[in-house]
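Coordinate analysis (summary)
Next come the chains, spelled out residue by residue.
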Amino acid sequence: MTLINAAGAHARITRRRVWLWFAIVPLTAFGALLAFVSPGAPRTGDTPDLVFTGQIIALFCGAAYAAAFTDFFASTSRRSMDEIEASTPVAPPVRHAALVLGTLGVVLVPSAVVLVGAGIWQTAAGHGAAVPAAIAVLGTIVLPSALIATCLSAFLGALLPHGVARVAAVLLWFGAVFSTPLIPLPTLNGTVLNLVGDTVAAGLYGAQPLYPRYAPTGPLGLDAATPRAAALSLAWQAVLIALLLTAGSSLARARNRS
Amino acid sequence: MFISIDHVTKDFRRKPGALDEVTLDLPAGMIGLLGSNGAGKTTLMRIVCGIIEPTRGRVLVDGHDLSDRRARRTLKKTLGYLPQDVEPYPNLTPVEFLDYIGVLKGVTPRAERRRQAHELLDQVGLADASRRRIGGFSGGMRRRLGIAQAMVGGPRLLVVDEPTAGLDPEERIRFRTLLARLGGERTVILSTHILDDVAQTCPYVFVLRDGHKTFAGPTTGLVDEARGRTWLTAPQAAPPVDAIVVNATSTTRGTRYRIVTRTPPADAEPVDPSLEDGYMALATKETS
Ligand SMILES: Nc1ncnc2c1ncn2[C@@H]1O[C@H](COP(=O)(O)OP(=O)(O)OP(=O)(O)O)[C@@H](O)[C@H]1O
Ligand SMILES: [Mg+2]
């Protein structure tokens with residue numbers, strides 16, 4: 001309950017940050033446009049199109065979140081607020097989780113509008129369950145990748161000076177996204193991080209992955225196109241989010257204490 | 001609530017000995033914390049609030065060591081802290097901000113948080129601004145909101161770091177009265193550079209200097225440091241070199257000095273010491 005209420009307050013704070021809208025709205029629109037005109041788009045008129053749009057938006061907005069949220073846990077500008085919050089009984093990871101959730105709940109609104117809008121469009125064109133599909137894509141592809149980008153940004157911000165952290169976070173984001181098919185590292189399911197949900201796209205929605213298929217080189221030898229692989233990928237992303245969140249949170253605390 | 005500070009030392013990387021072996025027992029009621037810039041007041045308050053940990057030594061709250069996480073949590077449930085520089089989230093209104101603090105302090109339900117928010121805003125004289133964004137507030141208004149924030153949830157321990165700095169005299173006196181009213185069975189730690197605030201409200205006072213405790217006791221005891229040594233004098237030339245000049249007033253008949261010294265000039269007349277005299281006597285006792 002505390003988490004939800006505190007997240008609500010952060011959502012309100014974020015909603016009123018005008019500059020954030022100026023960054024997120026054009027980026028989301030750009031991603032949507034790119035997905036629409038891309039020669040790589042599936043153009044099936046149903047779920048795979050939604051998945052593709054969701055992935056492209058996640059890719060671009062992820063970079064924005066990576067750049068924007070380095071000051072989440074180690075804010076020098078809000079030091080006194082940090083202290084006030086630290087003098088309350090709420091544990092730091094809960095406070096930080098509220099910050100991440102509240103902020104993302106707001107910055108994901110443009111992505112949600114695009115996807116649900118596309119879902120409505122598809123419904124009008126005769127594809128029945130397109131709106132629920134759009135919401136599912138939002139929850140399983142766009143949200144996890146946004147969480148990873150944000151927590152990565154916050155973690156690096158707690159580790160490095162903000163300016164350096166910003167650049168590092170964006171580079172790392174694009175590096176992780178684009179190097180995935182190029183460097184077939186042996187990982188859980190054959191890709192580095194699955195940041196923009198290729199495994200989930202293939203396993204849950206039967207969509208073509210953004211990247212050409214690579215042989216599943218993970219230690220579990222997963223076939224990338226099964227629901228099981230998708231579920232594992234989601235679980236792995238959840239672990240990654242939790243790790244980045246707790247590591248960033250305790251790093252920031254340690255820094256404040258020294 | 002009984003707080004005991006036991007041989008607390010804090011070394012910062014760039015400032016070893018920010019606090020050095022400070023031992024204090026805090027009585028209930030209003031406690032003044034005095035000390036020059038950089039003496040370690042804020043550091044001590046942050047340690048008492050469980051925001052930072054001491055390098056050595058411990059803080060006991062009702063017998064529980066604050067290095068234990070559970071003890072910290074228990075303390076924080078009944079703690080109000082006002083940091084030295086408050087910068088509340090600028091795009092919230094005061095009511096929304098206090099509501100958020102109430103959420104963190106575990107005040108439920110929402111209606112109760114709102115009720116407290118309005119009551120506190122009324123007490124600190126911000127009722128008229130309750131719908132405005134904090135970003136447009138003056139420094140003094142932000143400070144008053146900071147004070148309100150510290151009182152959300154009716155804390156038993158109130159730690160306020162220079163709460164009256166930057167307030168106009170009217171507001172300062174109002175706040176002082178408010179704090180004194182809050183005193184009672186609460187423990188209030190008030191750090192300040194305004195000796196008058198301590199003289200008016202705090203029966204008990206601590207003085208820190210360069211990380212060391214130099215005085216702990218009743219406020220009257222600090223005044224007594226200058227008893228029998230405080231004088232008014234209007235010398236023809238400069239005041240005696242070994243005297244501490246607490247005050248100087250220009251009059252048509254030359255400058256009158258208020259001095260603290262053991263060896264007064266012949267023309268000096270003794271006066272009752274004030275807290276200022278006592279503080280100055282103590283401060284120079286250290287250095288000489
Ligand atoms: N986080 C920190 N890192 C390094 N040094 C610090 C830190 N916090 C405080 N210090 C140093 O510790 C000493 C005590 O600082 P503190 O803020 O406690 O003083 P203060 O009595 O509150 O002073 P003021 O009256 O100016 O507020 C100072 O020399 C300060 O520079
Ligand atoms: Mg201070």
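Residues numbered from 1 in each chain as written. Chains lettered and ligands numbered in written order. Predicted model: local features only at pLDDT ≥ 70, side-chain atom pairs only at ≥ 80, totals over all residues. Heavy atoms only, no water.

Within an unreviewed UniProt entry, the label attached to chain B reads Adenosinetriphosphatase, and the organism entered is Propionibacterium ruminifibrarum. Per UniProt, the comment on chain B under Sequence similarities (unreviewed entry) is "Belongs to the ABC transporter superfamily." (UniProt positions renumbered as here; feature names shortened; annotations may be inferred.)

Chain A carries the name ABC-2 type transport system permease protein in an unreviewed UniProt entry, which gives Propionibacterium ruminifibrarum as its organism.

For the rest of this paragraph, the subject is the domain arrangement of chain B. Partitioning chain B into structural domains gives domain 1 (3–218) and domain 2 (228–272). For domain 1 of chain B and domain 2 of chain B, the distance between their C-alpha centres works out to 38 Å. (Domains from an automatic or database assignment.)

Okay, the interface of chain A and chain B next. Residue-level contacts link 26 residues of chain A with 33 residues of chain B. Put simply, chain A and chain B have three salt bridges between them. The partner of Glu96(B) in a salt bridge is Arg16(A), with the nearest N and O atoms 2.7 Å apart. Linking chain A to chain B there are twelve residue pairs in polar contact (both at pLDDT 80 or more). Broken down by class, the residue content of the side of chain A that touches chain B amounts to eight nonpolar, eight polar and ten charged. (Contact = heavy atoms within 4.5 Å. Salt bridge = Lys/Arg side-chain N within 4 Å of Asp/Glu carboxyl O. Polar contact = N/O pair within 3.5 Å; in protein donor to acceptor, adjacent residues only side chain to side chain. Nonpolar A, V, L, I, M, F, W, Y, C, P; charged D, E, K, R; others polar.)

This part takes up the layout of surface pockets. All names here are of chain A. The space that makes up the second largest pocket amounts to roughly 410 Å³. As for the second largest pocket, its lining consists of 15 residues, and the residues nearest its centre are Phe36, Asp49, Thr53, Ala118 and Trp121. For the lining of the second largest pocket, the secondary structure elements donating two or more residues are α2 (18–37), α3 (47–68) and α6 (109–124). When residues of the lining of the second largest pocket are assigned to their parent elements, the largest contribution, five residues, is made by α6. Partitioning the lining of the second largest pocket into residue classes produces nine nonpolar, four polar and two charged. (1 Å grid on protein atoms, 1.4 Å probe; cavity = no way out; pocket = protein on both sides within 12 Å on 5 of 7 lines; lining within 4 Å. Points joined across faces, edges and corners; volume = space filled by probe spheres on them. Helix = DSSP H or I, 4+ residues; strand = E, 2+ residues; numbered from the N terminus.)

Residue and element names in this part refer to chain A. Here chain A averages 83 in pLDDT, while 84% of its residues score no lower than 70. Across residues 185–193 the pLDDT falls below 50, and counting only partners more than four positions away or on other chains, this stretch makes 31 contacts in the model. Residue range residues 215–221 is modelled with pLDDT below 50. Its contacts to residues more than four positions away, or to other chains, number 15 contacts. (pLDDT = per-residue confidence, 0-100.)

Attention shifts here to the sheet that holds strand β11 (residues 230–233) of chain B. Residues and elements named next belong to chain B. Spatial strand order, β12-β13-β11-β14: four strands in an open sheet with antiparallel pairing. This sheet does not close on itself; its edge strands, each paired only once, are β12 (244–251) and β14 (269–270). Bridge analysis of β12 against strand β13 (residues 254–260) gives seven bridges, and the strand direction is antiparallel. When the sheet's bridge partners are listed, Ser250 is paired in β13 with Thr255. (Pairing = 2+ DSSP bridges.)

All names here are of chain B. Pairing between strand β3 (residues 29–35) and strand β9 (residues 204–209): five bridges, direction parallel. Along β9, the bridge assignment pairs Gly35 with Leu208. Inspection of the sheet shows β9 paired to strand β10 (residues 212–218) by six bridges, in the antiparallel sense. Bridge pairing in β10 links Leu208 to Lys213.

This part takes up the environment of Ala146(A). Residue and element names in this part refer to chain A. Tracing the backbone through its elements, the reader meets Ala146 in helix α7 (residues 130–159). The sequence separation of Ala146 and Leu59 amounts to 87 residues, and the corresponding C-alpha distance is 8.8 Å. The residues touching Ala146, leaving out its near neighbours within four places in the chain, are Tyr65, Leu104 and Leu108.

All names here are of chain B. Spatially, β6-β7-β8-β3-β9-β10 is the arrangement adopted by the six strands of the open sheet, whose pairing is mixed. One side of each edge strand has no neighbouring strand; the edge strands of this open sheet are β6 (79–82) and β10. Ignoring which end each strand starts from, the neighbouring axes of this sheet average 15° apart. (Axes fitted to C-alpha atoms, helices over the stretch in contact; angles between N-to-C directions.)

So, about the coordination of the magnesium ion (ligand 2). Residues and elements named next belong to chain B. Distances from the magnesium ion (ligand 2) to its protein donors, Thr42 (OG1) and Gln84 (OE1), fall at 1.9 to 2.3 Å. In this pair, Thr42 is assigned in helix α1 (residues 41–48) and Gln84 in the loop between β6 and α3 (94–104), connecting sequence segments 42 residues apart. Exposure remark for Thr42: the relative accessible area of 24% places this residue in the partly exposed category. Take Gln84: its relative accessible area is 27%, and that puts it in the partly exposed class. (Donors = N, O, S within 2.8 Å, 3.2 Å for Na, K, Ca; no water. Buried < 20%, exposed > 50% of the residue type's maximum accessible area, 1.4 Å probe, protein only.)

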